[in-house]
Amino acid sequence: MKLWVNGELHDADAARVSVLDHGLTVGDGVFETLKAVDGRPFAMEPHLDRLTRSARGLGLPDPDLDEVRRACAAVLEANPMPLGRLRITYTGGLSPLGSDRGDAGPTLVVALGETSHRPDTTAVITVPWTRNERSALAGLKTTSYAENVVALARAHERGASEALFANTVGQLCEGTGSNVFVVLDGQLHTPPLASGCLAGITRALTVEWTGALETELPMDVLERADEVFLTSTLRDVQAVHRVDGRELPGAPGPVTAKAMRIFAERAAQM
């Protein structure tokens, strides 16, 4: 396995980032995960646009997107695989201990890991912790992911693959690494970005291609929705067959199945 670190490819066991990198010491970094099929990254440009938005949100300098593209191409060529998780990480770089940034410049790492196709349906749980829709990090894809690690571990303990958060006013927000959609009376809805959820690339494509409405939704919508599904880079559109103790028999339901079909067809044309 070869990784890109600050301008060149390295064998995985020789790739090095300083232990004083701000991404390690205080989580000062942003990242993107892309699906790569037979060496071809999906929706590269929207992901790079979001990488830049996230970097600006943290006050990091804009990433050199030409370098990021070269890094991705080099890593994909060096590590051929049928289905991969391409990870771009961009951090504050070598810095003093503490929250102040140094002046050494950012760190760029690109890595690729093999993955497999997700099942058509999954189980999710809700967790008691909330997303802060007024946070300085709201809507940014940062490396400060410890909250997601804790929530996802809770989900795995309970036989689920994802945990769903409310925001501070009790509205449905998002999962640890996914966006959530619900079907009410045949109409597809998803929380708006103002809820504090991440502006998911797959979410945006699904809204565009299916006509889903962006709607403020109370958390208890999960107790009465006819159908529920998740979207993310590696899930695409994935039906939910259980929310906490509530079973959704027949998942994927008709609206979800249609969304899955539309996404697969349109994505194949990109």
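As shown above, the structure is provided for reference.
Just so you know, these numbers come straight off a predicted model, no measurement behind them.

Trainee: Looking at this structure, how should I read the overall build of the protein chain?
Mentor: A count of helical and extended segments in the protein chain gives 6 helices and 15 strands. Its C-alpha atoms give the protein chain a radius of gyration of 19 Å, near enough to 18 Å, the size a compact globule of 270 residues would have. The principal-axis extents of the C-alpha atoms in the protein chain amount to approximately 55 × 40 × 35 Å. A total of 270 residues make up the protein chain; the buried ones form 49% of that total. Roughly 12,600 Å² of accessible area belongs to the protein chain as shown, and the carbon and sulfur atoms make up 52% of that amount. Between the centroid of the 26 positive side chains of the protein chain and the centroid of its 35 negative side chains there is a distance of 2 Å.

Trainee: I keep staring at the pairing of strand 10 (residues 179–184) and nothing clicks. Help me out?
Mentor: Regular strands place their side chains on alternate faces of the sheet. Among the 6 residues that make up strand 10, 6 are buried, leaving the element largely enclosed by the rest of the structure. Neither face of strand 10 is exposed, since Asn179, Phe181 and Val183 on one face and Val180, Val182 and Leu184 on the opposite face are all buried. Examined bridge by bridge, strand 10 and strand 13 (residues 227–232) share 5 bridges and lie antiparallel to one another. Within the sheet, the bridge partner assigned to valine 183 lies in strand 13 and is glutamate 227. Relative to strand 11 (residues 187–190), strand 10 runs antiparallel, the two sharing 3 bridges. Within the sheet, the bridge partner assigned to valine 183 lies in strand 11 and is leucine 188. Taking the residues between adjacent antiparallel strands as the criterion, strand 10 and strand 11 are bridged by 2 residues, where aspartate 185 takes a positive phi near 50 degrees.

Reading the values: the criteria
Residues numbered from 1 in each chain as written. Predicted model: local features only at pLDDT ≥ 70, side-chain atom pairs only at ≥ 80, totals over all residues. Heavy atoms only, no water. Helix = DSSP H or I, 4+ residues; strand = E, 2+ residues; numbered from the N terminus. Rg over C-alpha atoms; globule rule 2.2 N^0.38 Å. Buried < 20%, exposed > 50% of the residue type's maximum accessible area, 1.4 Å probe, protein only. Areas by Shrake-Rupley, 256 points an atom, 1.4 Å probe, with all protein chains shown as cover. Lys, Arg positive; Asp, Glu negative; His and termini not counted. Charge placed at Lys NZ, Arg CZ, Asp CG, Glu CD. Pairing = 2+ DSSP bridges.

Geometry only, nothing functional implied.
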